[in-house]
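Now for the letters of each chain:
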Amino acid sequence: MKGSKREAERTMRQLIAEIEAGRVESGWSDPTLTVDRLLERWQAANVNDWSPTTARDHQRTAEGWISPHLGTVRISRLTVERLERFYQTLHTEGGKAGRPLSAQSVKKAHSILRAALSAAVRWQLIPNDPAVIAHTPRVEPHQHNVPDLDTVAAIIEVADPRMAVIIRLAIATGARRGELGALKWSDIDYHKRLITFQRSVVDGGPASKVKPTKTRTTGIVSVGEATVASIETWRAHQTAVSEKAEFGPLDDDGWVFPSQDWGHPISLNQITYDWRTLADAHGLDGVRFHDLRHGTATHLIANGTDVRTVAGRLRHASPTMTLDV
């Protein structure tokens, strides 16, 4: 005996509701695809577009925070409510030894999940991405620790010759660590006192990978006579070292801050380590090397420099971004 039209319509509505809730496999979904497997496919599809540092960071986040909680869950069964419970769990006990995880770290896990699930929608594995509307814990604005110029000057006085020039360039130009590591002698115009930042380096040393700057723009920054003099002194020092090691004269295409084998840029971790050692010795607890860049902007604006000029010097997309940061 056939059912009534009303019963058929009721059954259809229930089926649609169950599909949307993830309780029934729809034609879109691979019934065996888990979050772990999706993340693997997503990373494989994008790894060539990422820097080695980004790839490692995504891998650590996936393995350390996402997989233990959601790795075996089918992506077709992920709901907004389930994701929000996951984020709350990370925030309260997702860190080492069950300690709370920062809202910023939870946001990172959310960003990776959202990107991977968005790819799953494009690949027609699921009809929608629940992470798009899922709420994460509120991230409080980061308070930058800007070093005062007297302390920076004192650090430069006691730093080794290489680190002294790196720190001086960082505070004078606002360049990022990777941009400083990727400098070549040909990027420096001594007569016009101009430095061109047109590339960045990831990691440095034998693992280095040279790429465009973060904003994919070339920046030409003017510097003072004292900064140019420090660069010339550093080049003379490098020339003496090169001749003693029988490497020959410095090539204009060579790195300003080379690795020990001279064939690669300096390790960026080495810059961080040397800065941390110097900063701690001068009471700059918690002040990162990158905070020198924020210091450049802060001190220029405090001294009356137009915000548009500062934004251009830092290669920010707009003056609004400079003020926000």
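For clarity, every value in this text was computed on a predicted model and none was experimentally measured.

Conventions and cut-offs
- Residues numbered from 1 in each chain as written.
- Predicted model: local features only at pLDDT ≥ 70, side-chain atom pairs only at ≥ 80, totals over all residues.
- Heavy atoms only, no water.
- Helix = DSSP H or I, 4+ residues; strand = E, 2+ residues; numbered from the N terminus.
- Buried < 20%, exposed > 50% of the residue type's maximum accessible area, 1.4 Å probe, protein only.
- Contact = heavy atoms within 4.5 Å.
- Areas by Shrake-Rupley, 256 points an atom, 1.4 Å probe, with all protein chains shown as cover.
- pLDDT = per-residue confidence, 0-100.
- Arc of directions from axis to C-beta.
- Pairing = 2+ DSSP bridges.

## Some remarks on the overall build of the chain
- Broken down by element type, the chain carries 13 helices and five strands.
- Buried residues in the chain amount to 41% of all 325 residues.
- Put simply, of all contacts in the chain between residues at least 6 apart along the chain, 62% involve residues at least 24 apart.
- Carbon together with sulfur atoms contributes 51% to the accessible area of the chain, which is approximately 18,300 Å² in total.

## Focus: the environment of His69
- Mapped onto the fold, His69 is located in helix 3 (residues 52-70).
- Those residues within four positions of His69 in sequence are excluded, and the remaining contacts are Phe86, Thr89 and Leu90.

## Examining the environment of Pro52
- By the element assignment, Pro52 lies in helix 3.
- For Pro52, a relative accessible area of 25% translates into the label partly exposed.
- The sequence separation of Pro52 and Ser208 amounts to 156 residues, and the corresponding C-alpha distance is 8.9 Å.
- When neighbours within four sequence positions are excluded, Pro52 is seen to be in contact with Val202, Asp203 and Lys209.

## Focus on the confidence of the model for the chain
- The share of residues in the chain with pLDDT of 70 or more is 86%, and the mean pLDDT across the chain is 85.
- The least confident element of the chain, judged by mean pLDDT, is helix 1 (residues 5-21) at 56; the most confident is strand 1 (residues 188-189) at 96.
- In this model, residues 22-28 is a region of pLDDT below 50 whose contacts with residues beyond four sequence positions or in other chains number 18 contacts.

## As for helix 12 (residues 307-314)
- Among all positions of helix 12, only Val310, Ala311, Arg313 and Leu314 are buried. Seen from one end, helix 12 has its buried residues packed into an arc of 160°, which puts them on one side. Exposed and facing more than 90 degrees away from the buried side of helix 12 are Arg308 and Gly312.
- Residue Arg315 follows helix 12 closely and has a positive phi angle near 60°.

## Focus on the pairing of strand 2 (residues 194-197)
- By the bridge criterion, two bridges tie strand 1 to strand 2 in an arrangement that is antiparallel. Considered in strand 2, the bridge of Asp189 is made with Leu194.
- Following strand 1, the chain reverses through four residues before pairing antiparallel with strand 2; Arg193 in that reversal takes a positive phi of roughly 60°.
- Where strand 2 meets strand 5 (residues 219-222), four bridges bridge the pair, whose relative direction is antiparallel. Its bridge partner being in strand 5, Thr196 is matched across the sheet by Ile220.

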